[in-house]
Amino acid sequence: GESVGLHLPTLSVQEGDNSIINCAYSNSASDYFIWYKQESGKGPQFIIDIRSNMDKRQGQRVTVLLNKTVKHLSLQIAATQPGDSAVYFCAVGYGGATNKLIFGTGTLLAVQP
Amino acid sequence: GAGVSQSPSNKVTEKGKDVELRCDPISGHTALYWYRQRLGQGLEFLIYFQGNSAPDKSGLPSDRFSAERTGESVSTLTIQRTQQEDSAVYLCASSISRGQGSGYTFGSGTRLTVV
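Residues numbered from 1 in each chain as written. Chains lettered and ligands numbered in written order. Predicted model: local features only at pLDDT ≥ 70, side-chain atom pairs only at ≥ 80, totals over all residues. Heavy atoms only, no water.

Some points on the overall build of chain A
And then number 1: Across its full length, chain A holds 0 helices and 11 strands.
And then number 2: Beginning at the N terminus, the succession of helices and strands in chain A can be written as β-β-β-β-β-β-β-β-β-β-β.
And then number 3: Counting over 113 residues, chain A shows a buried share of 43%.
And then number 4: When contacts within chain A are restricted to residue pairs at least 6 apart in sequence, those whose partners lie at least 24 apart make up 54%.
And then number 5: By element, 48% of the accessible surface of chain A is carried by carbon and sulfur atoms, the whole surface being about 5300 Å². (Helix = DSSP H or I, 4+ residues; strand = E, 2+ residues; numbered from the N terminus. Buried < 20%, exposed > 50% of the residue type's maximum accessible area, 1.4 Å probe, protein only. Contact = heavy atoms within 4.5 Å. Areas by Shrake-Rupley, 256 points an atom, 1.4 Å probe, with all protein chains shown as cover.)

A short note on the sheet that holds strand 7 (residues 75–79) of chain B
Note: strands within a sheet are paired through backbone hydrogen bonds, in either parallel or antiparallel orientation.
All names here are of chain B.
And then number 1: Taken together, 4 strands build an open sheet; the order of strands is 1-3-7-6 and the sheet is antiparallel. In this open sheet, the two edge strands, each paired with only one partner strand, are strand 1 (5–7) and strand 6 (65–69). Going from strand to strand, the sheet's axes swing by 15° on average, the running direction of each strand aside.
And then number 2: Taken together, the 5 bridges between strand 6 and strand 7 define a ladder with antiparallel strand orientation. (Pairing = 2+ DSSP bridges. Axes fitted to C-alpha atoms, helices over the stretch in contact; angles between N-to-C directions.)

What to know about the side chain of Asp49(A)
Residue and element names in this part refer to chain A.
And then number 1: Considering the arrangement of structural elements, one finds Asp49 in strand 5 (residues 45–51).
And then number 2: Of the residues examined, Asp49 reaches a relative accessible area of 8% and is grouped as buried.
And then number 3: Among the polar contacts made by the side chain of Asp49, one reaches the side chain of Tyr32 at a distance of 2.7 Å.
And then number 4: For Asp49, the side chain forms a polar contact with the side chain of Arg57, separated by 2.3 Å. (Polar contact = N/O pair within 3.5 Å; in protein donor to acceptor, adjacent residues only side chain to side chain.)

What about the nonpolar core?
It is characteristic of soluble globular proteins that their nonpolar side chains tend to be buried jointly.
And then number 1: Formed by 21 residues in total, the largest nonpolar core has its most connected members in Phe33(A), Trp35(A), Leu73(A), Leu75(A), Tyr88(A) and Leu109(A).
And then number 2: The biggest single contributor to this core is strand 9 (residues 86–93) of chain A, with 4 residues.
And then number 3: Discounting residues that sit within four places of it in the chain, Leu109(A) has contacts with Leu11(A), Val13(A), Ser19(A), Ile77(A), Thr80(A), Asp84(A), Ser85(A), Ala86(A) and Tyr88(A).
And then number 4: Counting residues in each nonpolar core, the second largest holds 20 residues, with Val4(B), Cys23(B), Leu46(B) and Ala88(B) among its members. (Core = buried A, V, L, I, M, F, W, Y, C linked by side-chain atoms within 4.5 Å.)

Considerations on the packing of aromatic side chains
And then number 1: Throughout the structure, instances matching the rule amount to 12 aromatic pairs over all chains.
And then number 2: Where Phe103(A) meets Phe106(B), the ring centres are 6.3 Å apart and the plane angle is 80°; that geometry is what we call edge-to-face. Of this pair, Phe103(A) sits in strand 10 (residues 102–103) while Phe106(B) sits in strand 9 (residues 105–106), which puts the two residues in different chains. In terms of burial, Phe103(A) and Phe106(B) fall into one category: buried.
And then number 3: Ring geometry for Tyr33(B) versus Tyr48(B): centroids 5.1 Å apart, planes at 25°, classification stacked. Of this pair, Tyr33(B) sits in strand 4 (residues 31–37) while Tyr48(B) sits in strand 5 (residues 43–50), and the two are 15 residues apart along the sequence.
And then number 4: Assessed through its relative accessible area of 0%, Tyr33(B) is described here as buried. (Phe/Tyr/Trp six-rings, centres within 6.5 Å; stacked < 30°, edge-to-face > 60°.)

A few points about the layout of surface pockets
And then number 1: Of the volumes computed, that of the largest pocket is approximately 560 Å³.
And then number 2: Lining the largest pocket are 26 residues, with Gln38(A), Gln37(B), Leu39(B), Val89(B) and Arg111(B) positioned closest to its centre.
And then number 3: Secondary structure elements with two or more residues in the lining of the largest pocket: strand 9 of chain A together with strand 8 (88–95) and strand 10 (110–114) of chain B.
And then number 4: Ranked by residue count, the leading element in the lining of the largest pocket is strand 10 of chain B, at 4 residues. (1 Å grid on protein atoms, 1.4 Å probe; cavity = no way out; pocket = protein on both sides within 12 Å on 5 of 7 lines; lining within 4 Å. Points joined across faces, edges and corners; volume = space filled by probe spheres on them.)

Remarks on the environment of Val19(B)
Residues and elements named next belong to chain B.
And then number 1: Structurally, Val19 can be placed in strand 3 (residues 19–24).
And then number 2: Each C-alpha atom of the pair Val19 and Asp63 lies 14 Å from the other, and the pair is 44 residues apart in sequence.
And then number 3: For Val19, the residues in contact, after removing those within four places along its chain, are Lys11, Thr13, Leu77, Thr78, Ile79, Thr82 and Leu112.

Focus: the pairing of strand 7 of chain B
Residue and element names in this part refer to chain B.
And then number 1: Counting buried positions along strand 7 yields 5 of 5 residues, so the element is predominantly enclosed.
And then number 2: Burial along strand 7 is two-sided: the residues Ser75, Leu77 and Ile79 and Thr76 and Thr78 are all buried.
And then number 3: One ladder, built from 5 bridges, connects strand 3 with strand 7; its direction is antiparallel. Across the sheet, Cys23 pairs through a bridge with Ser75, a residue of strand 7.
And then number 4: Here strand 6 folds back onto strand 7, and the loop between the two strands holds 5 residues, one of which, Gly71, carries a positive phi near 60°.

Next comes the structure, spelled out in structure tokens:
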């Protein structure tokens, strides 16, 4: 079955440093990948997505990298700010059926001033 | 409305009681999803509604769980005979249509505590 996991449950970084959050997935048929940010007491908020026909996609201060060979996904946050402190989830879908996104456990990003 | 609204935001109930959770999706969003999030865990898919199609109930954990949605409006998630293991945050999301993961908008959730 599908499983999605994160390598590090907690990541502590200094303000201004770059952050890298990793995610592994198991289903090679997965073709759609999303990163969400969840702040305390709020629902997850979309950050960036990528489809399997791409290896890299950039947004504002964020980059998602996809390595289909090893079924690995990462989120890079440049110049991490205190406002980036949150739990980050990867989510995986396949066949366009994002009605069943599979979410990872989440990584808590703690930005130290 | 401007966002997905869920009520109540917090619910404490006694074991064995029934609870009803409400979700108001964004107007015009045909797809509506319910997820469960246990403490320190990821989001667990429960049920999906798409317009007037039959809902995908494959994620409901037991027959104590049910959900309804009238057209493309409000949805209610009902948990009967609540158990302590049902304690979690229940999140609702809506999107314009299926296959729009980037368009998922989540509500803030209902935190359910069964004592």
